[in-house]
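What follows is each chain in one-letter form.
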Amino acid sequence: MPLVRQVPAVTLTAIIIFALAALILAPISGGNVDRLILRVVVELPLLLIVAGIGLLAINLIATSAGALFKGSVLIAAATAAVIAWAIAGGTSPFAGLGYHSALRPAYAISVALPWLFRANLSNLMTHWRDKSGFHKS
């Protein structure tokens, strides 16, 4: 399958992984309960919008890099992770939202994992359902 066709599924999976990481990191970032509520209700959606736009751009660039190397998914994953690491560091849009410093590696990992495992949400859910036995009557 051409890498370009994988971009929407990879991006959706990456944003879900990143959202879970950000949600887990929200209480670790410190502050009182009011700050935590503000972080989850206001800052998390803003963070996900910024991250989602970035993930789409990153995945399009990673697709191009992977295509240069005969459709290499490994090159696409590595390119995506390096770009995500660079974007999420220092004076990134994430820095102003006061999240934990572990958000940077979480962003890089969340963009690389879907490429590495050629995963999309439906494949992950089907795999989980098959392993869990919930679908059996």
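Cut-offs used in this document
- Residues numbered from 1 in each chain as written.
- Predicted model: local features only at pLDDT ≥ 70, side-chain atom pairs only at ≥ 80, totals over all residues.
- Heavy atoms only, no water.
- Core = buried A, V, L, I, M, F, W, Y, C linked by side-chain atoms within 4.5 Å.
- Buried < 20%, exposed > 50% of the residue type's maximum accessible area, 1.4 Å probe, protein only.
- Helix = DSSP H or I, 4+ residues; strand = E, 2+ residues; numbered from the N terminus.
- Contact = heavy atoms within 4.5 Å.
- Expected span 1.5 Å × (residues − 1).
- Bend = angle between axes of the 7 residues up to and from the residue.
- Patch = residues over 30% accessible without salt bridge, like charges linked within 9 Å, V, L, I, M, F, W, Y side chains within 5 Å.
- Areas by Shrake-Rupley, 256 points an atom, 1.4 Å probe, with all protein chains shown as cover.
- Salt bridge = Lys/Arg side-chain N within 4 Å of Asp/Glu carboxyl O.

Enquirer: How should the nonpolar core be read in this particular structure?
Expert: Grouped burial of nonpolar side chains is what soluble globular proteins tend to show. Ranked by internal contacts, the top residues of the largest apolar core, which has 25 residues, are Tyr107 and Trp115. Of all the elements in the fold, those that place two or more residues in this core are α1 (3–28), α2 (33–68), α3 (73–87) and α4 (103–117). Each residue touching Trp115, except ones within four places of it in the same chain, is listed here: Leu3, Gln6, Val7, Val10, Asn59, Ala62, Thr63, Val73, Ala76, Ala77 and Ala80.

Enquirer: Where do I start with α1 in this structure?
Expert: Structurally, the α-helix is built with 3.6 residues per turn, so residues lying three or four positions apart point the same way. Taking 1.5 Å of rise per residue, 26 residues should cover 38 Å, and α1 covers 36 Å from first to last C-alpha, within 8% of that figure. Along its length, α1 reaches its greatest deviation from straightness, about 30°, at Ala9.

Enquirer: I keep staring at a nonpolar patch on the surface and nothing clicks. Help me out?
Expert: Side chains of Leu23, Val33, Ile37, Leu38, Val40, Val41, Val42, Leu46, Ile49 and Ile53 sit close together on the surface and give an oily, nonpolar patch of about 890 Å² of accessible area. Here Leu23 shows up in helix α1. When its relative accessible area of 40% is taken as the criterion, Leu23 is described as partly exposed.

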